Amino acid sequence: MNRHCVAIATFGLIFVCGLHAGVRIAVAASSKPLTCKSLVAAQRASLSPGKVVEKTESELSAIYAERTCIKNYPWPPKLMVEADKLAKVTLEEMRSIKNQVEALVIEYQKVGKAGARLHGEKDFVAYRFYSEGVERRDMKLLQKFGYILYSHVLIRDGLLDEAKAILDEAFVKWAISVRDAPWDKGDQSTYFSDSTLDKILLLNKYRVLAESPATSREEALKVADEYFRARPFLANEIDMFGDPGADLLDNAGCQ
């Protein structure tokens, strides 16, 4: 059985550290004056994804049961297709699905699988939620995945202020602290671990900053500097989803 989920190539990714990101990350602050020359050099520096950590068949089975990917997110019937889910889903649909999943998580945490009896047969999101091995699913990972999907659709539709707000909400909700962590076989199959989801949320935040007008050139330079200092921590995520570095440089007037 092919467990590899379709990678979301069009994900807008972003990231944010320190003061601008509202996220803790172990990156030393720069003491040198920020210049386009140094930032362009950082952007051109090679970036090598880390080695994929192999897992046993038993470990992979547990990963597929616990983690969320685009295949096992509880989509309604009209979105039960593969690669183009996010191209087809409207903002209103994505907001509704994400909010319903959030409510289902709260319900499940209160009453367990008995919550399935509270929904009619036509409530397909609830049906998928309760039928996808819910007792083994990590609810925090499911919720974070929903925030990533929703922020992507907001970015896709150019609603950058709303995207920033929903990402900020996620950072506060889980007190996200980005850390250097292994990229395992589950991540490679897009069943992302907790630490990887945090990095994707951060990447999405950087996309928002890259596409938003800077309040000042100094501010844009600081954001770009933060990103390039954090970039080595994100090598695998960038390899899968793309690098917002060029857009951050452009926003800082360095292209």
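Cut-offs and rules
- Numbers given for residues are sequential positions, taken from 1 along each chain in its written order.
- Where totals are concerned, whole chains, interfaces and linings use all residues; where local detail is concerned, this predicted model gives features only for residues with pLDDT of at least 70, and gives and counts side-chain atom pairs only at 80 or more.
- Excluding hydrogens and water, the side-chain values take into account all heavy atoms of the structure.
- By the criteria applied, helices consist of DSSP H or I runs no shorter than four residues and strands consist of E runs no shorter than two, each listed in order from the N terminus.
- With a 1.4 Å probe rolled over the protein chains alone, any residue whose accessible area is under 20% of its type maximum counts as buried; one over 50% counts as exposed, and the rest are partly exposed.
- By definition, residues are in contact when any of their heavy atoms lie within 4.5 Å.
- Using a 1.4 Å probe, the Shrake-Rupley method yields the accessible areas, and only the shown protein chains count as cover for residues.
- Whenever a nitrogen or oxygen atom comes within 3.5 Å of another N or O atom, the pair is scored as a polar contact, on the condition that within protein one atom can donate a hydrogen and the other can accept it, and that pairs from neighbouring residues in sequence are kept only if both atoms are in side chains.
- Two cysteine sulfurs form a disulfide in these notes if their separation is within 2.5 Å.
- Expected span of a helix, by definition, is 1.5 Å for each gap between consecutive residues, and there is one gap fewer than residues.
- Centre distance within 6.5 Å is the pairing criterion for rings of Phe, Tyr and Trp, where only the six-membered ring of Trp is used; planes under 30 degrees apart are then read as stacked, over 60 as edge-to-face, and the remainder as tilted.
- Nonpolar cores were defined as sets of buried Ala, Val, Leu, Ile, Met, Phe, Trp, Tyr and Cys residues, with membership established by side-chain atoms within 4.5 Å.

Let's talk about the overall build of the protein chain
Inference 1: Across its full length, the protein chain holds 13 helices and 4 strands.
Inference 2: Across the 255 residues of the protein chain, 50% fall into the buried class.
Inference 3: A separation threshold of at least 6 residues defines the contact pool for the protein chain, and within that pool the share at least 24 residues apart is 80%.
Inference 4: Only carbon and sulfur atoms are counted for the fraction: they give 52% of the accessible area of the protein chain, which is about 12,100 Å².

Here's the deal with the side chain of Ser212
Inference 1: Tracing the backbone shows Ser212 in the loop between α10 (194–211) and α11 (217–230).
Inference 2: A distance of 2.6 Å separates a polar side-chain atom of Ser212 from the backbone oxygen of Val208.
Inference 3: Once you skip the residues sitting within four places of it in the chain, Ser212 turns out to touch Leu160 and Asn251.

Some thoughts on unusual backbone geometry
Inference 1: Unusually for a residue other than glycine, Ala175 sits at a positive phi of about 45°.
Inference 2: Topologically, Ala175 is positioned in the loop between α8 (160–173) and β3 (177–178).
Inference 3: The partly exposed category is assigned to Ala175, whose relative accessible area is 44%.

A look at the state of the cysteines
Inference 1: Here the structure, examined in full by the defined rule, presents 1 disulfide.
Inference 2: Here Cys36 connects covalently by a disulfide to Cys254, the sulfurs 2.0 Å from one another. Across the S-S bond of Cys36 and Cys254 the torsion is about -70°, and the bridge reads as left-handed. Here the residue Cys36 occupies a position in helix α2 (residues 36–44), and Cys254 occupies one in the segment after α13 (245–251), the gap between them amounting to 218 residues.
Inference 3: When its relative accessible area of 9% is taken as the criterion, Cys254 is described as buried.

Observations concerning helix α5 (residues 91–111)
Side chains of residues three or four places apart in an α-helix project in the same direction, reflecting 3.6 residues per turn.
Inference 1: Along its 21 residues, α5 runs 30 Å from first to last C-alpha, staying within 8% of the 30 Å computed at 1.5 Å per residue.
Inference 2: Taken together, the buried positions of α5 are Leu91, Met94, Ile97, Lys98, Val101, Glu102, Leu104, Val105, Glu107 and Tyr108.

Regarding the packing of aromatic side chains
Inference 1: Per the stated rule, a full pass over the model turns up 12 aromatic pairs.
Inference 2: Aromatic pair Tyr147 and Trp174: ring centres 5.3 Å apart, planes at 80°, arrangement edge-to-face. A residue pair is termed long-range when its members are at least 10 positions apart, and Tyr147 in helix α7 (residues 139–156) and Trp174 in the loop between α8 and β3 qualify at 27 residues.
Inference 3: The exposure class assigned to Tyr147 is buried, which follows from its relative accessible area of 2%.

Notes on the nonpolar core
Inference 1: Judged by nonpolar contacts, the single largest core of 47 residues is most densely connected at Tyr73, Trp75, Leu86, Met94, Phe129, Phe192 and Leu201.
Inference 2: Of all the elements in the fold, those that place two or more residues in this core are α5, α6 (124–131), α7, α8, α10 and α12 (235–241).
Inference 3: For this core, the leading source of residues is α7, giving 11 residues.
Inference 4: In terms of nonpolar packing, the next biggest core, distinct from the first, is built from 20 residues, Leu203, Leu221, Ala224 and Leu249 among them.

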